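Below are the chains, spelled out letter by letter.
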Amino acid sequence: GDGYLLNDPWEGGTHLPDLTLVVPLFHEAGGRSRVLALAAVSLHHQDVGGLTPGSVPPHATSIFEEGLRIPVVRSHRGGELDATLRAVLMANSRTPGHLEADLQAQWVAADLAAREMRGHAAEHGGAVAFAERCQALLARTEAMTRAALRRAPDGRYEWIDRLDSDGVDDHPVFLQLALVKRADTLAIDFTGSAPQTRGPVNASTASMMSAALYFMRTLAPEAPDNGGCLAPLTLVLPEGSVVNPRFPAAVNARTATVKLAANALLSAWGQEAAAVTMAANAGVAVVLSVGGEADDGKPFHFTEIIASGA
């Protein structure tokens, strides 16, 4: 019945509207209770405060302008959202009804995971056997990813790309990366990328890890979908850069940087004649966020994400 909530970009979060709920899943057997797994449910919420409705202000220059920042806290006890935390969350949202309902949806999703995982463990020999099966899947994905790397020639492949601006200052923001492939290992090094920006296109380490994970999954797409693909990877994100900003950088538009990084990774790898890689994606998603008061005085909020092709 315990749950833990966070959105802090410096503690594993991405940007403030993305609240991640982590719930330990327990398995009861032989009079003992042990943690079987962790369920993690991440959801983009409609509004968590900040300068503009939707908590994605394009002119923000600090995390403090973007909304309510939540470090890792115990949010639920006995399956119920802590009353004090609930009061703080609701007081900082323009649409508290949406926020409360969506938090409940996250809890329901985690509870479903708990039931599914407990049933799976009971059907397949209990918690120990479940853990062994998980390790086997991780090992299989690692082996398939390393095999794919071994089939590609060793080398160093570089790429430079850029955003037109950071939304605040009118100058390009460069991303520079090098892929260094040796045997069955790969280093992704973003050294040389632009310093962190005043505008909100900075991407936290968790955000950049998502771009790296996406790329690593393209190497052996038939492998089980899990973190085993990251075992051969070394990821270098220079501190104080647009790909690893120092607190209190603005980060709400980090998607632009992450999508550009994904394209840059594909482009760098695609320079190798033996490599088979995916085409670049459109490179941007337009977020239209509108809020205000209806005729009856009640607040409203609407968000539409207009994404292009991949």
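Residues numbered from 1 in each chain as written. Predicted model: local features only at pLDDT ≥ 70, side-chain atom pairs only at ≥ 80, totals over all residues. Heavy atoms only, no water.

**Some details on the overall build of the protein**
When helices and strands are tallied, the protein shows five helices and 11 strands. Taking 310 residues into account, the globule formula puts the C-alpha radius of gyration at 19 Å, and the protein, at 21 Å, falls close to it. Overall, the C-alpha framework of the protein stretches about 65 × 60 × 30 Å when taken along its three principal axes. Here the protein holds 310 residues, and 42% of them are scored as buried. (Helix = DSSP H or I, 4+ residues; strand = E, 2+ residues; numbered from the N terminus. Rg over C-alpha atoms; globule rule 2.2 N^0.38 Å. Buried < 20%, exposed > 50% of the residue type's maximum accessible area, 1.4 Å probe, protein only.)

**A word on the packing of aromatic side chains**
As enumerated under the stated definition, the model contains four aromatic pairs in all. Ring geometry for Trp10 versus Phe247: centroids 5.3 Å apart, planes at 80°, classification edge-to-face. Taken together, the positions of Trp10 in the loop between β1 (3–6) and β2 (18–29) and Phe247 in the loop between β9 (233–236) and α5 (254–270) put the pair 237 residues apart, joining distant regions of the chain. For Phe247, a relative accessible area of 40% gives the class partly exposed. Taken together, a centroid distance of 6.0 Å and an interplanar angle of 90° make the contact between Tyr157 and Trp269 edge-to-face. With a gap of 112 residues between them, Tyr157 in strand β6 (residues 155–163) and Trp269 in helix α5 connect regions that are remote in the sequence. By relative accessible area, which is 9% here, Tyr157 ends up buried. An aromatic cluster is built from Trp10, Phe64 and Phe247, whose rings are joined through pairwise contacts. (Phe/Tyr/Trp six-rings, centres within 6.5 Å; stacked < 30°, edge-to-face > 60°.)

**Points about helix α2 (residues 96–123)**
Compared with the 40 Å implied by 1.5 Å per residue over 28 residues, the 41 Å span of α2 between its first and last C-alpha is a close match. Among all positions in α2, only Leu99, Leu103, Gln106, Trp107, Ala110, Ala114 and Ala121 are buried. One or two positions beyond α2, positive phi appears at Gly125, with a value near 100°. (Expected span 1.5 Å × (residues − 1).)

**Section: the pairing of β1**
For a regular strand, side-chain orientation follows a simple rule: the groups alternate between the two sheet faces. Across three bridges, the pairing between β1 and strand β4 (residues 73–77) is antiparallel. Pairing of Gly3 across the sheet is with His76, part of β4. Taken together, the three bridges between β1 and β2 define a ladder with antiparallel strand orientation. Looking at the pairing, Leu5 lines up with Leu21 of β2. (Pairing = 2+ DSSP bridges.)

**A few points about the pattern of salt bridges**
Scanning the model with the defined rule gives 14 salt bridges in all. Of the charged contacts in the structure, one is a salt bridge between Asp18 and Arg254, with a shortest N-O distance of 3.2 Å. In this pair, Asp18 is assigned in strand β2 and Arg254 in helix α5, connecting sequence segments 236 residues apart. Classification of Asp18 as buried rests on a relative accessible area of 10%. In this structure Arg254 comes out as buried when scored by relative accessible area, which is 13%. When the shortest N-O distance is used, the salt bridge between Lys181 and Asp154 registers 2.8 Å. Separated by 27 residues along the polypeptide, Lys181 in strand β7 (residues 173–182) and Asp154 in the loop between α3 (126–151) and β6 bring together distant segments of the chain. Among the residues examined, Asp154 registers a relative accessible area of 46% and is labelled partly exposed. Each member of the salt-bridge network shares a partner with another, and the members are Glu142, Arg146, Arg150 and Asp184. (Salt bridge = Lys/Arg side-chain N within 4 Å of Asp/Glu carboxyl O.)

**Here's the deal with helix α4 (residues 205–219)**
Each α-helix turn comprises 3.6 residues. Residues three or four places apart therefore point the same way. Under the 1.5 Å per step criterion, the end-to-end length of α4 is 21 Å for 15 residues, consistent within 8% with the ideal 21 Å. Listing the buried residues of α4 in full gives Ser207, Met208, Ala211, Ala212, Phe215, Met216, Arg217, Thr218 and Leu219. Elements in contact with the buried residues of α4: α3, β7, β8 (185–189), β9 and α5. (Contact = heavy atoms within 4.5 Å.)

**Focus: the sheet that holds β9**
As summarised here, the arrangement of the four strands in space is β6-β7-β8-β9, forming an open sheet in which the pairing is mixed. Looking at strand neighbours, the two that pair on one side only are β6 and β9, the edges of this open sheet. Adjacent strand axes in the sheet meet at a mean angle of 15°, parallel and antiparallel pairs treated alike. (Axes fitted to C-alpha atoms, helices over the stretch in contact; angles between N-to-C directions.)

**Things to note about the sheet that holds β4**
If you trace the five strands from one edge of the open sheet to the other, you get β3-β2-β1-β4-β5, paired in antiparallel fashion. Of all the strands in the sheet, the pair left with one neighbour each is β3 (32–44) and β5 (80–81). Sheet analysis places β4 next to β5, joined by two bridges and oriented antiparallel. Note that in β5 the partner of Arg77 across the bridge is Glu80. α2 rests against β1, β2, β3, β4 and β5 of the sheet, and its axis sits at about 30° to β2. Across the sheet, α3 lies against β2 and β3, angled at about 50° from β3, the strand it touches most.

**Brief notes about a nonpolar patch on the surface**
Side chains of Val286, Leu288, Val290, Phe300, Phe302 and Ile306 sit close together on the surface and give an oily, nonpolar patch of about 510 Å² of accessible area. Elements supplying a minimum of two residues to the nonpolar patch: β10 (285–293) and β11 (299–307). Within the secondary structure, Val286 sits in strand β10. (Patch = residues over 30% accessible without salt bridge, like charges linked within 9 Å, V, L, I, M, F, W, Y side chains within 5 Å. Areas by Shrake-Rupley, 256 points an atom, 1.4 Å probe, with all protein chains shown as cover.)

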